[in-house]
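Residue-level listing of the chains:
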Amino acid sequence: FSIQKLSGKKLLVTAGPTKEALDPIRFLSNQSSGKMGYAIAEAARQAGAEVTLISGASLADPKGMTVVHVTSAQEMHDAVMQRFATCDAVIKAAAVADYRPEHTASRKIKKSDGPMTLTMVRNPDILKALGEHKKDQLLVGFAAETDHLEDNAKKKLNSKHLDMLVANHASDGFGSETNKVTLYFADGRKQALERMQKQQVARHICNALSGLFEMSVS
Ligand code: C5P
């Protein structure tokens, strides 16, 4: 990646899961490792971008970029929103929890013999909020689905006002070193990639993003 395709661009990349606390010891989360988002942050840095990585994952901090660690979806929301006005693109690879427990207990919840009922409330949809507030920033979303991948991808691209959506089958990427994705674009184009290392997928995504930057100035 010797050509500095993203030089001068400020990128926000989110990665990893969010954790939604039940009490001081327990949380609800998901299977995201953060590897895809970290690979994108690294590829973007190599392409010359100024990268801020906002992460809920517990991987080692990559060099040459600002890393902001967050835990909950609300924290990720606040960290992204604070930096949105001054960035050129956001790549939302994070697996953000859609719901959080209605209450977080300040002390450890003690067990009883009966079943336990938990009420969950909606978290903010960060990407949707970005789509509603964007000026000229490019927005890239992710979708991991178990069913109707293409339909859901196209719907998400429209409803969240995205420029590009990276879609994979839920069984294809989580935790693994490789991923098999299809890129969907706002102008209707679609690019299906073979299964490859996440570093390679990340380069394709950065190339596609640089293409979108070129189109947006011409
Ligand atoms: O609608 P769905 O959750 O499948 O959309 C996935 C995309 O939306 C991802 O890019 C994810 O980072 C983003 N998202 C978000 N905030 C949420 C849920 C998802 O930014 N609360």
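Presented here is an overview of the structure given in this document. Keep in mind that this is a model prediction, so the values were computed, not measured.

**Overview of the packing of aromatic side chains**
Reasoning step 1: Evaluated as defined, the whole model comprises 0 aromatic pairs.
Reasoning step 2: It is K9 that lies over the ring of F213; its NZ or CZ is 4.4 Å from the centre.
Reasoning step 3: Over the ring of F185 we find R189, and its NZ or CZ is 4.1 Å from the ring centre.

**Side note on the site of the ligand**
Reasoning step 1: Inspection of the region around the ligand gives K92, A94, V96, D98, P124, D125, I126, L127, G141, F142, K156 and K160 as its neighbouring residues.
Reasoning step 2: For the ligand, a nitrogen atom lies 2.9 Å from a polar atom in the backbone of P124.
Reasoning step 3: K160 is positioned such that a nitrogen or oxygen atom in its side chain is 3.0 Å from an oxygen atom of the ligand.
Reasoning step 4: Elements with a minimum of two residues in the shell around the ligand: helix 3 (126-133) and strand 9 (138-145).

**Here's the deal with the environment of K198**
Reasoning step 1: Tracing the chain through its elements places K198 in helix 6 (residues 198-217).
Reasoning step 2: C-alpha separation for the pair K198 and V70, spaced 128 residues apart in sequence, amounts to 23 Å.

**Brief notes about the nonpolar core**
Reasoning step 1: Counting 38 residues, the largest nonpolar core has L6, L11, I40, M164, I205 and L209 as its most contacted members.
Reasoning step 2: For this core, the elements supplying multiple residues, two or more each, are strand 1 (10-15), helix 1 (35-46), strand 4 (50-55), strand 6 (89-92), strand 9, strand 10 (164-169), strand 12 (181-185) and helix 6.
Reasoning step 3: Considering each element in turn, this core owes the most residues, 8 residues, to helix 6.
Reasoning step 4: L11 has contacts with L6, A44, A49, E50, V51, T52, A89, I91, L209 and F213, leaving out every residue within four places of it along the chain.
Reasoning step 5: Counting 22 residues, the second largest nonpolar core, distinct from the first, contains I54, M76, A143 and L165.

**Brief notes about the packing of helix 1 against helix 6**
Reasoning step 1: Orientation of helix 1 relative to helix 6, taken along the N-to-C sense of each, is 55°, at an axis distance of 8 Å. Classified by the interaxial angle, the pair formed by helix 1 and helix 6 is oblique. Helix 1 and helix 6 meet at a crossing whose hand is right-handed. Between helix 1 and helix 6, the contacting residues are K35, M36, A39, I40, A43, A44 and Q46 on the first element and K198, Q199, V201, A202, R203, I205 and C206 on the second.
Reasoning step 2: Split into classes, the residues belonging to the contact of helix 1 with helix 6 amount to 9 nonpolar, 2 polar and 3 charged.

**Comments concerning the side chain of H77**
Reasoning step 1: Here H77 is to be found in helix 2 (residues 73-84).
Reasoning step 2: Excluding its chain neighbours within four sequence positions, the residues that come into contact with H77 are P124 and I126.

**Describing the sheet that holds strand 13 (residues 190-192)**
Reasoning step 1: Strand order across the open sheet formed by 8 strands is 5-4-1-6-9-10-12-13, with mixed pairing between neighbours. The open sheet is flanked by strand 5 (66-69) and strand 13, the only strands paired with a single partner. Mean inter-strand twist for the sheet, computed between neighbouring axes without regard to direction, equals 15°.
Reasoning step 2: This element, helix 4 (residues 149-159), spans strand 9, strand 10, strand 12 and strand 13 of the sheet and lies at about 155° to strand 10.

Analysis parameters
- Counting starts from 1 at the beginning of each chain's written sequence and moves along it residue by residue.
- Local features are withheld for residues below a pLDDT of 70 in this predicted model, meaning they are given only at 70 or higher, and side-chain atom pairs are given and counted only at 80 or more; totals for whole chains, interfaces and linings count all residues.
- Side-chain measures here rest on the full set of heavy atoms in the structure, leaving out hydrogens and waters.
- Under the pairing criterion, centres of Phe, Tyr and Trp rings, with the six-membered ring standing for Trp, must be within 6.5 Å; the plane angle then separates stacked pairs below 30 degrees from edge-to-face pairs above 60, leaving the rest tilted.
- In this scheme, Lys NZ or Arg CZ marks a charge over a ring once it lies within 6 Å of the ring centre and within 35 degrees of the ring normal.
- We define proximity as follows: a residue is near a molecule or strand when any one of its heavy atoms falls within 4 Å of that partner.
- Polar contact is defined as a pair of N or O atoms within 3.5 Å, subject to the rule that within protein one atom must be able to donate a hydrogen and the other to accept it, and that residues adjacent in sequence are counted only when both atoms are side-chain atoms.
- What counts as a helix is a DSSP run of H or I of at least four residues, what counts as a strand is a run of E of at least two, and both are numbered from the N terminus.
- Put simply, a nonpolar core is a bunch of buried Ala, Val, Leu, Ile, Met, Phe, Trp, Tyr and Cys residues held in one set by side-chain atoms that sit within 4.5 Å of each other.
- Note on classification: 1.4 Å probe, protein chains only; a residue is buried when its accessible area is under 20% of the maximum for its type, exposed when over 50%, partly exposed between these limits.
- Only heavy atoms matter for contacts: two residues are in contact if any of them lie within 4.5 Å across the pair.
- Here an axis means a line fitted to C-alpha atoms, over the contact stretch when the element is a helix, while the angle between two N-to-C directions is reported on a 0 to 180 degree scale.
- An angle below 35 degrees is read as roughly parallel, one above 145 as roughly antiparallel, one from 65 to 115 as roughly perpendicular, and any other as oblique.
- Crossing handedness: left-handed means the near helix sits turned counterclockwise from the far one by under a right angle, and right-handed means the same turn made clockwise.
- The classification used treats Ala, Val, Leu, Ile, Met, Phe, Trp, Tyr, Cys and Pro as nonpolar, Asp, Glu, Lys and Arg as charged, and all other residues, Gly among them, as polar.
- Paired strands, as defined in this entry, are two strands with at least two bridges between them according to DSSP.

Function cannot be inferred from these measures alone, as they are strictly geometric.
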